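# Residue-level structure breakdown
The primary structure of each chain is shown beneath.
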Amino acid sequence: MDIIGSFDVKFLQIINEAGVCDAALLPSMEAPDLKKIFETMILVRTFNQRALSLQREGRIGTYASVLGQEASQIGSALALEKDDWIFPSFRESAVLISRGYPMWMLYRYWMGDERGMKAPDDMNIFPMSVPVGTQLPHAVGAAFAMKYRNDRRVAAVYFGDGGSSRGDFHEALNLAGVFKSPVIFLLQNNQWAISVPRARQTAAATLAQRAFGYGIPGIQVDGNDILAVYRATKEAADRARGGEGPTLIECYTYRLDDHTTADDASRYRRKEEVEEWREKEPLLRFRLFLEKKGLRTKEYEEEVAKKALEAVDKEIEKAEKFPPPDPADIIRYTNFELTARQKTELKEFGWEK
Amino acid sequence: MDIIGSFDVKFLQIINEAGVCDAALLPSMEAPDLKKIFETMILVRTFNQRALSLQREGRIGTYASVLGQEASQIGSALALEKDDWIFPSFRESAVLISRGYPMWMLYRYWMGDERGMKAPDDMNIFPMSVPVGTQLPHAVGAAFAMKYRNDRRVAAVYFGDGGSSRGDFHEALNLAGVFKSPVIFLLQNNQWAISVPRARQTAAATLAQRAFGYGIPGIQVDGNDILAVYRATKEAADRARGGEGPTLIECYTYRLDDHTTADDASRYRRKEEVEEWREKEPLLRFRLFLEKKGLRTKEYEEEVAKKALEAVDKEIEKAEKFPPPDPADIIRYTNFELTARQKTELKEFGWEK
Amino acid sequence: MGKITIVQAINMALSEEMQRDTNVVIIGEDVGKDGGVFRVTEGLQEKFGPERVVDTPLSELGIIGSAIGMAAYGIKPVVEIQFMGFIYAGLEQIFSHASRLRSRSRGRFSAPIVVRTPYGIGIKPPELHSESAEALFCHMPGVKVVVPSTPYNAKGLLKSAIRDSDPVIFLEPSRLYRSIKAEVPEDDYTVPLGKAEVYQEGKEITVVAWGTMLHRAAEAAEGFDCEIIDLMTLKPLDEEAILKSVRKTGRLVVVHEASKSGGLGAEISALVAEEAVEYLKAPILRVAGPEAVIPMARLEDYYMPGKERIRKAYEKVMLY
Amino acid sequence: MGKITIVQAINMALSEEMQRDTNVVIIGEDVGKDGGVFRVTEGLQEKFGPERVVDTPLSELGIIGSAIGMAAYGIKPVVEIQFMGFIYAGLEQIFSHASRLRSRSRGRFSAPIVVRTPYGIGIKPPELHSESAEALFCHMPGVKVVVPSTPYNAKGLLKSAIRDSDPVIFLEPSRLYRSIKAEVPEDDYTVPLGKAEVYQEGKEITVVAWGTMLHRAAEAAEGFDCEIIDLMTLKPLDEEAILKSVRKTGRLVVVHEASKSGGLGAEISALVAEEAVEYLKAPILRVAGPEAVIPMARLEDYYMPGKERIRKAYEKVMLY
Ligand SMILES: Cc1ncc(C[n+]2csc(CCOP(=O)(O)OP(=O)(O)O)c2C)c(N)n1
Ligand SMILES: Cc1ncc(C[n+]2csc(CCOP(=O)(O)OP(=O)(O)O)c2C)c(N)n1
Ligand SMILES: [Mg+2]
Ligand SMILES: [Mg+2]
């Protein structure tokens with residue numbers, strides 16, 4: 001039988017678990033860049049820890065922790081330009097915080113307030129998508145429009161290993177391939193979709209290899225290695241801006257916490273597995289790397305932690321002081337203009353001002 | 001970068017365009033088997049030609065020709081066992097005829113009569129699926145049930161290059177991979193989805209390579225080589241029965257006619273392309289093969305053609321003499337038992353007996 | 001046996017039906033080890049094994065689509081969709097296939113699947129976890145739509161749904177899952193599909209409701225002489241039960257959570273306007289959600305018809 | 001200019017809007033070289049190029065889903081779905097995203113897409129090519145639903161739809177595509193969304209219809225004093241137009257092709273039963289399809305409300 005095509009699945013790692021890096025692959029970054037990454041990681045982790053405790057105290061609703069996925073999220077988010085568009089799922093707090101999204105708004109969102117998802121005007125960040133995987137086509141469409149308008153921008157869409165099983169994934173990647181749209185598919189393979197392990201999500205050995213089926217490049221990166229994620233994303237973004245179309249990046253990482261605060265992962269996964277992965281978690285590794293670079297001092301770390309805590313506390317205060325939403329908002333944002341029935345309903349419900 | 005996976009896409013051809021075969025790959029078939037194949041091809045072609053003329057005469061409705069795809073359809077259909085289940089799309093007349101489906105019923109169907117899709121009790125043939133690609137999950141489910149019941153059966157589902165772009169394709173192949181269901185995905189890549197050429201359907205070079213993304217075997221076969229299609233299907237069926245799960249077979253073939261009788265392909269594709277493919281059409285090639293085997297005589301061919309015409313004419317007569325459907329059927333088959341409203345409606349419309 | 005919740009009653013129905021018929025299989029996301037996000041299928045995988053309680057990839061279309069093939073082959077899939085807001089990906093499979101397979105094949109094949117899903121407003125969850133889209137299914141011929149309102153009828157209706165020969169969309173009001181408890185017999189009883197029940201007799205106002213709103217409508221009825229009908233099966237409608245009551249009371253209020261425009265209340269109202277208009281003493285009122293997206297937690301209570309809104313409707317029809 | 005068909009009128013609207021606004025882009029299956037299976041987009045790819053008239057893979061979910069991203073980014077996609085029966089794969093994108101993006105982002109983003117699709121019964125096509133599922137969209141908050149009935153309003157309504165700030169489902173009655181011809185101005189006029197039109201004045205029966213059924217309802221009206229309302233926009237309903245007419249005539253008949261149960265007729269009936277019941281002299285009748293799957297060619301005519309069925313309804317309400 002003739003062989004009419006051949007494909008290799010590649011894996012990118014730059015810093016290994018011991019903090020040792022492959023200098024040839026290192027993105028060109030100065031100390032301030034590296035510090036910015038570290039500081040963002042700490043900020044995110046602080047945000048996340050506080051979110052978990054606020055939830056326990058009943059001050060916010062169900063929350064989806066990003067613990068363990070900081071490298072995959074921050075590394076990719078920082079590799080993008082200010083005008084690029086982001087299409088997050090519900091677990092992308094770290095992406096949003098990296099882009100400067102106001103943390104108090106994120107907290108508001110998790111308090112069950114839609115206003116938390118009204119991105120500031122200078123941020124092209126779509127509301128988090130709750131139905132898993134359904135956001136992928138949106139990114140493809142925005143990327144189509146960028147190309148149509150000759151804007152040198154990129155659309156980046158985040159989703160999980162679970163999301164990769166949905167038809168939306170397939171149709172989005174296929175359309176992006178056909179349109180050669182400037183879109184980056186940032187698959188956060190954190191090994192679990194609630195209680196369903198990666199191996200039950202698909203029989204394929206990697207998710208990166210799906211890319212071949214759409215004629216687009218695909219790569220698996222060590223999703224706990226923030227510089228590998230950064231580099232792969234940057235390369236994909238450059239290619240996209242250069243008119244070379246979409247890329248699938250599988251960030252191989254791990255969800256260290258429960259699925260959400262409403263979940264109890266001990267029902268379905270072994271503690272040992274979690275512990276193994278805890279040793280590979282991204283902050284540990286980046287700390288070692290910084291240490292080797294001579295950028296890590298005790299004072300610096302303490303300073304960063306303190307600042308993060310202060311910042312987060314201020315944001316929580318702001319979120320909690322924010323006035324409650326107006327019930328009329330329920331109706332007001334449904335259509336561009338109120339329909340006759342909506343006007344009647346506003347009156348009937350006594351929501352009219 | 002490490003390579004963590006490698007894949008080759010293979011192409012299977014047994015008889016080339018000159019009718020020369022690769023003896024090592026030839027399925028073990030005696031003269032009667034080969035003749036049966038030939039006779040089925042002629043029967044199908046006769047059915048098809050008559051359908052096209054009946055449509056022109058206004059005696060049937062819109063019809064989707066199978067011209068050019070006989071090898072892909074008949075070769076695969078004959079490789080399956082009697083109890084296997086078939087899930088066809090609307091262009092699978094050749095599959096159905098190969099399985100002995102009453103041709104008069106097929107004509108009735110194309111006359112716009114649902115009764116034409118009520119498969120005889122001894123044939124596990126689902127009604128043709130009109131919404132493209134949506135039948136794939138049904139085959140996966142039936143295959144799941146076969147495995148659940150320990151029936152050594154196979155589900156075979158037919159769909160086109162167009163159908164392979166739908167989310168249903170993705171979710172079906174992925175589920176089949178996870179469940180290891182005994183299902184064969186018989187992709188009829190006839191190079192066109194109405195006016196959309198294969199190259200615009202996806203940026204991937206082959207459709208067979210999609211299989212890698214689901215961890216299942218995939219192969220491209222020369223879809224105009226009936227023995228190659230037969231062999232690949234047989235192997236897939238054997239594997240499926242042996243508990244080894246699903247296979248994707250891309251039959252590389254060509255739609256020689258318009259999409260349907262309602263279409264005019266000259267609007268969107270070059271005549272030369274069609275002519276090139278006409279030279280590769282499956283019957284031409286199988287004739288040459290039979291000739292080399294000494295199985296083709298003028299008398300035999302004439303006899304086969306005559307019998308086919310007689311058979312088809314009888315079926316047409318039967319179809320046309322069949323009494324018109326009862327309007328009450330509209331309502332009668334909606335639910336297992338009539339609802340109160342349906343009972344009222346039957347009365348109101350005067351359809352009650 | 002003590003009092004049990006709707007979650008437990010449904011679990012009991014599933015367990016009994018699986019015991020009774022080896023064809024019954026549960027499929028869905030997290031239904032196995034995890035026992036479902038609401039724990040409705042808890043313990044069933046242990047009892048019946050992973051072949052019969054099947055965890056799937058995240059694939060609503062594929063789950064519902066493959067259930068159709070399973071049912072056509074002859075086994076009985078009971079699908080769990082995690083929240084009603086995620087059933088939309090499977091609508092084509094339900095509308096174009098499950099509901100039509102019998103008609104398309106003139107009776108040769110059918111797809112009697114059961115699709116269970118938590119539905120409705122009231123647990124302050126994230127977005128799209130509170131859908132109340134029953135009307136979509138009620139318009140589509142060929143499917144049945146069922147909503148239980150008590151542990152007793154949850155068990156009995158689900159058993160009927162599993163034994164039914166048509167596809168059944170079984171909507172479980174998530175707000176009621178654990179908020180009502182009642183005695184539920186351990187016997188093998190069923191509650192028939194297609195039959196409404198008079199939840200409370202009365203003479204002056206017919207109230208039609210289902211699920212969570214049934215209880216609200218009943219609470220609001222204090223001081224009114226309401227005949228409250230628990231619809232239970234939303235499709236096919238028990239037309240006789242509704243008409244009989246309205247012919248007696250001359251007044252009709254329908255209460256539901258979904259947006260009023262095009263909601264099931266419209267069909268019930270239209271039925272009466274067509275068949276019993278001459279009995280009407282008052283306008284037919286629908287107490288329902290506004291024409292708006294169902295909000296997240298902070299505004300949820302405003303959206304959902306509350307006691308006051310319902311009482312106002314009762315008051316209004318009593319003015320006539 | 002001579003008389004033109006609805007197909008031509010829609011083509012004209014598309015061409016004019018593309019000329020007027022370079023943001024307008026057409027996407028769909030076979031819309032380019034082939035000009036669409038009904039030739040509605042014929043000639044537009046030649047005129048505006050393949051970047052603006054975009055042939056896509058066979059991917060309804062992807063087409064509608066990506067249109068949402070396009071619209072949010074600021075271009076104006078006009079999607080063609082080949083037949084309404086194939087829109088179901090895109091329902092999640094419409095229900096969970098297009099219709100909610102504005103609300104979810106509190107006005108920061110919106111998805112004003114236009115989804116055009118041929119719809120309805122009457123051209124004897126294969127299965128699922130005759131869907132009449134408008135009611136599904138009418139129940140979902142946040143989208144508009146439009147059905148033209150003449151070449152004039154087809155052009156004017158489509159132009160309004162393209163300029164609208166909400167997602168619009170634009171349903172084109174395939175039976176009317178080439179069966180009516182009329183003069184259509186070459187000017188840049190629009191017909192507003194949300195407004196019904198009195199197609200024929202009358203005093204005794206209010207008839208509400210749209211698309212193909214409008215013409216049937218009018219033909220059947222001979223000998224009756226019918227006020228016939230062409231709804232045109234199905235969502236949001238022009239409640240005032242309906243109520244005003246019913247308050248005058250005291251009788252209402254709604255005619256539609258879709259299954260009666262849960263069809264849009266129910267909402268119109270319920271509106272009247274709620275707001276104008278005291279004006280009613282007769283039951284509100286709905287002439288509609290039965291609770292059944294829309295059949296293929298041989299039985300099509302039986303399913304679709306015919307003149308006789310409509311006349312019977314007129315006769316019946318006139319008995320009161
Ligand atoms: C379409 C859909 N189905 C089900 C759910 C319920 N649900 C929420 S998250 C989740 C698992 C998602 O897994 P994955 O995509 O891997 O993302 P992760 O949670 O791991 O970040 C499920 C099943 C949902 N939100 N959307
Ligand atoms: C979901 C869906 N979308 C659109 C159509 C209209 N349509 C019928 S056949 C066809 C092309 C199908 O192409 P392919 O899958 O390659 O099959 P082929 O016609 O080549 O056999 C289209 C677009 C349909 N039937 N179903
Ligand atoms: Mg995951
Ligand atoms: Mg094709």
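Residues numbered from 1 in each chain as written. Chains lettered and ligands numbered in written order. Predicted model: local features only at pLDDT ≥ 70, side-chain atom pairs only at ≥ 80, totals over all residues. Heavy atoms only, no water.

## Let's talk about the domain arrangement of chain A
When the domains of chain A are assigned, the result is domain 1 (10-322) and domain 2 (326-353). Taking the mean C-alpha position of each, domain 1 of chain A and domain 2 of chain A sit 37 Å from one another. (Domains from an automatic or database assignment.)

## Focus on the coordination of the magnesium ion (ligand 3)
Residues and elements named next belong to chain A. Binding of the magnesium ion (ligand 3) to the protein goes through Asp161 (OD), Asn190 (OD1) and Trp192 (O), at separations of 2.0 to 2.1 Å. All donors to the magnesium ion (ligand 3) come from one chain, and their sequence spacing reads D-x28-N-x1-W. Here Trp192 lies in strand S5 (residues 192-193) and Asp161 lies in the loop between strand S3 (155-160) and helix H6 (167-179), a separation of 31 residues in the sequence. Using a relative accessible area of 8% as the deciding quantity, one classes Trp192 as buried. (Donors = N, O, S within 2.8 Å, 3.2 Å for Na, K, Ca; no water. Helix = DSSP H or I, 4+ residues; strand = E, 2+ residues; numbered from the N terminus. Buried < 20%, exposed > 50% of the residue type's maximum accessible area, 1.4 Å probe, protein only.)

## Here we look at the nonpolar core
Side chains of a nonpolar character, in soluble globular proteins, are inclined to be buried together. If you look at the biggest cluster of nonpolar residues, it comprises 400 residues, and the most contacted ones within it are A:Phe185, A:Phe286, B:Phe185, B:Phe286, C:Phe137 and D:Phe137. Ignoring anything within four residues of it in the chain, the contact list for C:Phe137 reads C:Met84, C:Ile87, C:Leu91, C:Ile94, C:Phe95, C:Val143, C:Val145 and C:Ile169. (Core = buried A, V, L, I, M, F, W, Y, C linked by side-chain atoms within 4.5 Å. Contact = heavy atoms within 4.5 Å.)

## Quick word on the pattern of salt bridges
Opposite charge on two side chains makes pairing possible when the charged atoms of those side chains draw close. Applying the stated criterion to the full structure yields 110 salt bridges over all chains. Its salt-bridge partner being B:Asp313, residue B:Arg50 comes within 3.0 Å of it at the nearest N-O pair. Of this pair, B:Arg50 sits in helix H1 (residues 31-56) while B:Asp313 sits in helix H11 (residues 298-321); the two residues are 263 residues apart in sequence, bridging distant segments of the chain. Linking C:Glu80 and C:Arg116 is a salt bridge whose minimum nitrogen-to-oxygen distance equals 2.9 Å. Of the two residues, C:Glu80 sits in strand S4 (residues 76-80) while C:Arg116 sits in strand S5 (residues 114-119), which places them 36 residues apart along the sequence. Of the two residues, C:Glu80 and C:Arg116, neither departs from the other in class, the shared state being buried. Bridged by salt links that share partners, the residues C:Glu16, C:Glu17, C:Arg20, C:Lys155, C:Lys159, C:Arg163 and C:Asp188 form one connected network. (Salt bridge = Lys/Arg side-chain N within 4 Å of Asp/Glu carboxyl O.)

## A look at the interface of chain D and chain C
Contact with chain D, which involves 48 residues of that partner, is made by 48 residues of chain C. When chain D packs against chain C, the two sides together hide about 4000 Å² of surface, and 58% of this comes from carbon and sulfur. It is D:Arg100, D:His139 and D:Glu274 in chain D that bury the most area against chain C; as a group they hold 18% of the surface buried on that side. Put simply, chain D and chain C have 10 salt bridges between them. The salt bridge partner of C:Lys260 is D:Glu274, with a shortest N-O separation of 2.9 Å. Elements supplying a minimum of two residues to the side of chain D that touches chain C: helix H4 (91-98), helix H5 (101-104), helix H6 (134-139), strand S13 (252-259), helix H10 (264-275) and strand S14 (285-289) of chain D. Looking at the side of chain D that touches chain C, the element that brings in the most residues is H10(D), giving seven residues. Of the residues contributing to the side of chain D that touches chain C, the split by class is 25 nonpolar, 11 polar and 12 charged. (Buried area = accessible area lost by both parts, 1.4 Å probe. Nonpolar A, V, L, I, M, F, W, Y, C, P; charged D, E, K, R; others polar.)

## Quick word on the coordination of the magnesium ion (ligand 4)
Put simply, the ideal angle at a metal is 109.5 degrees for four donors in tetrahedral geometry and 90 or 180 degrees for six donors in octahedral geometry. All names here are of chain B. At the metal site, the magnesium ion (ligand 4) is ligated by Asp161 (OD), Asn190 (OD1) and Trp192 (O), and these contacts range over 2.0 to 2.1 Å. In primary-sequence terms, the residues that donate to the magnesium ion (ligand 4) follow D-x28-N-x1-W. Taken as a pair, Asn190 and Trp192 share a single burial class, namely buried.

## Description of the sheet that holds strand S2 (residues 24-28) of chain C
All names here are of chain C. Spatial strand order, S3-S2-S4-S5-S7-S6-S12: seven strands in an open sheet with mixed pairing. Looking at the sheet topology across the chains shown, the edges are occupied by strand S3 (53-55) and strand S12 (233-235). For this sheet, the mean angle separating the axes of adjacent strands, direction not counted, is 20°. Relative to strand S7 (residues 168-173), strand S6 (residues 144-146) is paired through three bridges, and the arrangement is parallel. (Pairing = 2+ DSSP bridges. Axes fitted to C-alpha atoms, helices over the stretch in contact; angles between N-to-C directions.)

## Things to note about the interface of chain A and chain B
With 37 residues of chain A at the contact, the number on the chain B side is 37 residues. The junction of chain A with chain B conceals about 3200 Å² of combined surface from both sides, 57% of it contributed by carbon and sulfur atoms. The largest contributions to the chain A side of the interface with chain B come from A:Met1, A:Ile4 and A:His170, which together make up 19% of the buried area. Where chain A touches chain B, the interface holds zero salt bridges. Between the two partners, chain A and chain B, sit 25 residue pairs in polar contact (both at pLDDT 80 or more). Put simply, the parts of the chain that give the side of chain A that touches chain B at least two residues each are strand S1 (2-12), H6, helix H7 (198-201) and strand S7 (218-222) of chain A. By residue number, the principal contributor to the side of chain A that touches chain B is S1(A), which donates 11 residues. Partitioning the side of chain A that touches chain B into residue classes produces 15 nonpolar, 15 polar and seven charged. (Polar contact = N/O pair within 3.5 Å; in protein donor to acceptor, adjacent residues only side chain to side chain.)

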